[in-house]
Amino acid sequence: MSKTHPGRVILAGTPIGDRRSASPALIEALRDARVIAAEDTRRLRDLLRHLDVETSARVVSYFEGNEFARTSELIDCLLNGDDVVVTTDAGMPSVSDPGYRLVSAAIEHGIVVTSVPGPTAATTALAISGLPTDRFCFEGFLPRKSGERRRRLAELAEEPRTTVLYEAPHRLADLLDDAADVLGTDRRAAVCRELTKTYEEVRRGGLGELANWAREHARGEITIVIEGAQGTVIGIDEAAEMVAELTADGIKRSKAVAQVARATGVDRHELYDAAQNAVTTDKEES
């Protein structure tokens, strides 16, 4: 009897360092899987041994080099009714790791996509960095070439949110040098290495100071957290006036609010309410 219901894509977050952070849900998903698509099959089998998990799943490699070609094969498995568990070397699949193409293709085929949540280096580093966590953006890996990297950094120069990056240890000093030149040597940052592992280290300081440190000490898995741009400190009323000027020039209020909030750091929702109240007050007075 043929199966009528497609399987599910299960994005399984794996430990980013300390294997003890593996959840019972991850162990269950790996144990019960019919198909496991792993970024590195050797690392997966090492994880299975460490967790004392036995599985009869068909394990296939699914990494950057074959992700495009293998996605259609995995879709066929899903359409035949098999769940496909996706794992990466560490952290959450599709976050700067394989997985996005399969998720996108599965959605197009009406296939359910779910997850077994796990730690990610980006949010772990953000939480312990000592930098603002209320608003942040994740940029993943910046370009390897200095010119392209500096252009991306220039785009982030006025970004008020905390920025989180990944980088390989042998490129860390160069990235921090470029960041210090573009964003300023005193811009606060944190370099987090070997998160949750025995030799975890968080180095905090200005970008210039950290660049000098990285020339001798960059090793292991690296996550960088950089302070957002410090906009001019203004009050909510002044920010609302800026919105009014933009809307008078024909810009939609929502777009004007978003633009002013980015430039000043004023809370977007509070600014929208203030701008709306200012318009209402003007109408009543007229």
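Residues numbered from 1 in each chain as written. Predicted model: local features only at pLDDT ≥ 70, side-chain atom pairs only at ≥ 80, totals over all residues. Heavy atoms only, no water.

## Description of the overall build of the chain
Working step 1: Within the chain, the secondary structure is distributed over 11 helices and 10 strands.
Working step 2: Looking at the chain as a whole, 43% of its 286 residues qualify as buried.
Working step 3: Of all intrachain contacts in the chain linking residues separated by at least 6 positions in sequence, the fraction that spans at least 24 positions is 71%.
Working step 4: A total accessible area of about 15,700 Å² is found for the chain, and carbon and sulfur atoms account for 46% of it.
Working step 5: For the chain, the distance from the average position of its 36 positive side-chain charges to the average position of its 47 negative side-chain charges is 6 Å. (Helix = DSSP H or I, 4+ residues; strand = E, 2+ residues; numbered from the N terminus. Buried < 20%, exposed > 50% of the residue type's maximum accessible area, 1.4 Å probe, protein only. Contact = heavy atoms within 4.5 Å. Areas by Shrake-Rupley, 256 points an atom, 1.4 Å probe, with all protein chains shown as cover. Lys, Arg positive; Asp, Glu negative; His and termini not counted. Charge placed at Lys NZ, Arg CZ, Asp CG, Glu CD.)

## A short note on the packing of aromatic side chains
Pairs of aromatic rings are described using the distance from one ring centre to the other and the angle between the two planes.
Working step 1: Tallied over the entire structure, the rule returns 2 aromatic pairs.
Working step 2: An angle of 70° between the planes, with centres 5.0 Å apart, marks the rings of F138 and Y166 as edge-to-face. Of this pair, F138 sits in strand β6 (residues 136-141) while Y166 sits in strand β7 (residues 162-167), and the two are 28 residues apart along the sequence.
Working step 3: With a centroid separation of 5.7 Å and 65° between ring planes, the pair formed by F141 and Y166 is classed as edge-to-face. You can see F141 sitting in strand β6 and its partner Y166 sitting in strand β7, a full 25 residues away along the chain.
Working step 4: On the basis of relative accessible area, F141 is assigned to the partly exposed category, the value being 43%.
Working step 5: Pairwise contacts between aromatic rings join F138, F141 and Y166 into one cluster. (Phe/Tyr/Trp six-rings, centres within 6.5 Å; stacked < 30°, edge-to-face > 60°.)

## As for the UniProt feature "domain: Tetrapyrrole methylase" (unreviewed entry) in the chain
Working step 1: The residues that UniProt annotates with the feature "domain: Tetrapyrrole methylase" (unreviewed entry) are residues 8-211.
Working step 2: Secondary structure content for residues 8-211 is 38% helix and 22% strand, while the C-alpha to C-alpha distance between its ends is 44 Å. (UniProt positions renumbered as here; feature names shortened; annotations may be inferred.)

## So, the sheet that holds strand β3 (residues 58-61)
Working step 1: As summarised here, the arrangement of the 5 strands in space is β3-β2-β4-β1-β5, forming an open sheet in which the pairing is parallel. Here the strands that pair on one side only, and so sit at the sheet edges, are β3 and β5 (113-116). On average, each strand axis in the sheet is tilted by 25° relative to the strand beside it, whichever way the strands run.
Working step 2: Of the pairings in the sheet, the one linking strand β2 (residues 35-38) to strand β4 (residues 84-87) comprises 4 bridges and is parallel in character. Bridged to V35 within β4 is V84. (Pairing = 2+ DSSP bridges. Axes fitted to C-alpha atoms, helices over the stretch in contact; angles between N-to-C directions.)

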